[in-house]
Amino acid sequence: MKYARLTAALMLAAAAIAQADEKVLNLYSARHYQTDEALYADFTKQTGIRINRIEGKEDELLERIRNEGANSPADVFLTVDAARLAKAHELGLFAPVSSKLLESRIPANLRTDDWFSFSTRARVIVYNKAAVKADEVRTYQDLANPRLKGKVCSRSGSHPYNLSLMASIIAHQGEPAAESWARGMVANFARAPKGGDTDQIKAVAAGECGVALSNTYYVARLMRSTKPEDLKVMDAVAVVWPDQATYGTHINVSGGGMLKTAPHKEAAVKFLEYLASDDAQRYFADGNNEWPAVAGIKVANPALEKLGPFKADNLPVGSLAMYQVKAQMIFDRAGFK
Ligand code: FE
């Protein structure tokens, strides 16, 4: 009996070694765009490393990695939003990666010691052209102005996109100013927060609200849609790049890092480096109508081109991460549910 158990243990150990030797990368990804297929196939072609992909919702994947603990097969975790990447860091899931290539390719404000941004998205103001003037909504601060009473729609204050925006406001203006902004927003709500960014854009177009916040890729997706009802939505609204006269428009990121328990660490670093290459950057960003994190890479995306150039806030992503807890506390105090 004892002997059988020992044999089983040896077999398990042997299997683990085989797993580590195999040219394989286990990727946990919260991204699921068709263009990503070409991206992964190209990596395998270049390196001979096969990718096993586990896809899931952002928070579920993070939970799964936590539950798997030391036995997790995950090598790399890709997700969206600095808040979620920061959470993975705080849980101690990421391993520090030192790579000259990543350091030279990814701008310093878009990386930390253990996770890297590979694309950026901006949080813009979308307004109803018949109900609001562009000059009334030039800044995030404007959304808290009493003249917009009953006109502001929003998704939940607990959502990472709003938490990261709030974190940037805390970083730039301090907590008291951030709290009065949150209170002003709440006082202006047309309805209790619900739905995602696309729902807010549709509600703005329908006149249920005059103004809302949205990530740019949701705007671009509607702009590129072939459905007449989507184009009608975009006819009714216009977009403002907030805070162009000061810090620039808040940007968030999608990115990833290598896990501390990664069985294939060499392959993991290779994969992260690959994602910073010119071709991969173009695919990675454009697959979701985003911008490459690496500077100087041209993306031919008609919707992003139509939205035009803008000044982006270059606050380090690490600062967005640092203020997440404070951001949630302020939203809670302000009643921004
Ligand atoms: Fe999103």
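Since the structure is predicted, the reported quantities are computational estimates derived from the model, not experimental observations.

**Student:** Would you explain the pairing of strand β4 (residues 116-128) in this entry?
**Tutor:** For a regular strand, side-chain orientation follows a simple rule: the groups alternate between the two sheet faces. Within β4, 13 of the 13 residues are buried, which leaves the element mostly enclosed by the surrounding structure. Examined bridge by bridge, β4 and strand β8 (residues 251-258) share 6 bridges and lie antiparallel to one another. Bridge pairing in β8 places serine 119 opposite serine 254. Relative to strand β9 (residues 291-292), β4 runs antiparallel, the two sharing 2 bridges. Counterpart to threonine 120 in the pairing with β9 is tryptophan 291. Bridge count for β4 against strand β6 (residues 211-215) is 5 bridges, and the pairing is antiparallel. Among the inter-strand pairings, arginine 123 is bridged to a residue of β6, identified as asparagine 215. Here β4 runs beside strand β7 (residues 237-240); their pairing, made up of 4 bridges, is antiparallel. Paired with asparagine 128 across the strands is valine 237, a residue of β7.

**Student:** Can you help me understand the nonpolar core in this one?
**Tutor:** Most often, soluble globular proteins have nonpolar side chains that are buried together. Ranked by internal contacts, the top residues of the largest apolar core, which has 75 residues, are Leu25, Phe77, Phe118 and Phe271. Ranked by the residues each element gives to this core, the list is headed by helix α11 (residues 265-275), at 6 residues. Mapping this core onto the domain boundaries places at least three of its residues in each of domain 1 (2-119 + 253-301) and domain 2 (121-250 + 313-334). In terms of nonpolar packing, the next biggest core, distinct from the first, is built from 29 residues, Val132, Ile170, Trp181 and Ala238 among them.

**Student:** What exactly am I supposed to notice about unusual backbone geometry here?
**Tutor:** It is generally the case that most residues other than glycine have a negative phi and that most peptide bonds are trans. A positive phi angle is found at aspartate 81, which is not glycine, with a value near 85°. Its location among the elements puts aspartate 81 in the loop between β3 (76-80) and α4 (82-90). With a relative accessible area of 0%, aspartate 81 lands in the buried category. The phi torsion at asparagine 289 lies on the positive side, around 55°, for a residue other than glycine. Assignment of secondary structure puts asparagine 289 in the loop between α12 (278-286) and β9.

**Student:** What exactly am I supposed to notice about the coordination of the iron ion here?
**Tutor:** For a metal with four donors in a tetrahedral arrangement, the ideal angle between donors is 109.5 degrees, while six donors in an octahedron ideally sit at 90 or 180 degrees. Taken together, the protein ligands of the iron ion are Tyr161 (OH), Tyr217 (OH) and Tyr218 (OH), with distances of 1.9 to 2.0 Å. Read from N- to C-terminus, the donor residues coordinating the iron ion fall into the pattern Y-x55-Y-Y. On the criterion of sequence distance, the pair formed by tyrosine 161 in helix α6 (residues 160-173) and tyrosine 218 in helix α9 (residues 216-224) is long-range, its members being 57 residues apart. We note that tyrosine 161, like tyrosine 218, is buried.

**Student:** Would you mind going over the domain arrangement of the chain with me for this structure?
**Tutor:** Note on interface size: it is often stated as the accessible area lost on association of the parts. Domains assigned within the chain are domain 1 (2-119 + 253-301) and domain 2 (121-250 + 313-334). Relative to domain 2, the C-alpha centre of domain 1 lies at a distance of 30 Å. Across the contact, 21 residues belong to domain 1 and 20 residues belong to domain 2. Surface buried jointly by domain 1 and domain 2 totals about 1500 Å² across both partners, of which 57% is contributed by carbon and sulfur atoms. Taken as a group, Asn109, Asn289 and Trp291 account for 34% of the area that domain 1 buries against domain 2, more than any other trio of residues on that side. Here domain 1 and domain 2 share 1 salt bridge between them. Of the charged contacts in the structure, one is a salt bridge between arginine 121 and glutamate 290, with a shortest N-O distance of 2.5 Å.

**Student:** In this structure, what is going on with empty space enclosed by the protein? I would like to understand it.
**Tutor:** The gaps of empty space that remain are located by a probe, the size of a water molecule, rolled over the atoms. Within this structure, the stated rule accounts for 3 cavities of 30 Å³ or more. Roughly 60 Å³ of volume is contained in the largest cavity. Contributing to the lining of the largest cavity are Tyr140, Leu165, Ser168, Ile169, His172, Gln173, Asp243, Tyr247, Gly248, His250 and Asp313.

**Student:** Where do I start with the packing of helix α3 (residues 58-68) against α4 in this structure?
**Tutor:** Two quantities define a packed helix pair, namely the angle between the axes and the distance from one axis to the other. Viewed as axis vectors pointing N to C, α3 and α4 meet at an angle of 5°, and their least axial separation amounts to 11 Å. The orientation of α3 with respect to α4, classified from their angle, is roughly parallel. Two secondary-structure elements touch here, α3 through Glu58, Asp59 and Leu62 and α4 through Arg84, Lys87 and Ala88.

**Student:** Please explain helix α7 (residues 175-188) as it appears in this structure.
**Tutor:** Side chains three or four residues apart in an α-helix point the same way, a direct result of the helix having 3.6 residues per turn. The end-to-end C-alpha separation of α7 is 20 Å, in line with the 20 Å expected for 14 residues at 1.5 Å each. Of the residues making up α7, those classed as buried are Ala178, Glu179, Trp181, Ala182, Gly184, Met185 and Asn188. Here the buried face of α7 lies against β5 (152-153), α6, β6 and α15 (324-334).

Conventions adopted
- Position numbers for residues start from 1 in each chain and track the written sequence from start to end.
- Per-residue local features of the predicted model are confined to residues with pLDDT of at least 70, and side-chain atom pairs are confined, for both listing and counting, to 80 or more; whole-chain, interface and lining totals are unaffected and use all residues.
- Side-chain metrics in this entry use all non-hydrogen atoms of the structure; hydrogen atoms and water are not considered.
- Here the term buried applies to any residue with accessible area under 20% of the maximum for its type, exposed to any over 50%, and partly exposed to those in between, with areas from a 1.4 Å probe on protein chains only.
- Counting from the N terminus, the helices are the DSSP runs of H or I reaching at least four residues and the strands are the DSSP runs of E reaching at least two.
- Pairing between strands is defined by DSSP: at least two bridges between the two strands are required.
- As used here, the term nonpolar core means buried Ala, Val, Leu, Ile, Met, Phe, Trp, Tyr and Cys residues forming a set that is joined through side-chain atoms within 4.5 Å.
- Delimitation of the domains relies on an automatic or database domain assignment.
- Listed donors are limited to N, O and S atoms within 2.8 Å of the metal, widened to 3.2 Å for Na, K and Ca; water is not among them, so incomplete-looking sites are possible.
- Contact criterion: two residues are considered in contact whenever any of their non-hydrogen atoms come within 4.5 Å of each other.
- Summed over both partners, the accessible surface that disappears when two parts come together, traced with a 1.4 Å probe, is what is meant by buried area.
- A carboxyl oxygen of Asp or Glu within 4 Å of a side-chain nitrogen of Lys or Arg is what we treat as a salt bridge.
- Grid points spaced at 1 Å over the protein atoms alone were grouped into cavities, where a 1.4 Å probe fits but cannot get out, and pockets, open sets with protein on both sides within 12 Å along at least five of seven lines, with lining residues defined by an atom within 4 Å of a point.
- Grid points are joined across faces, edges and corners, and a volume is the space filled by probe spheres set on the points.
- Here an angle of 0 to 180 degrees is reported between the N-to-C directions of two axes, which are lines fitted to C-alpha atoms, with helices fitted over the stretch in contact.
- With respect to orientation, any angle under 35 degrees is reported as roughly parallel, any angle over 145 as roughly antiparallel, any angle of 65 to 115 as roughly perpendicular, and every other angle as oblique.
- Here the expected span of a helix is defined as 1.5 Å times the quantity of residues minus one.

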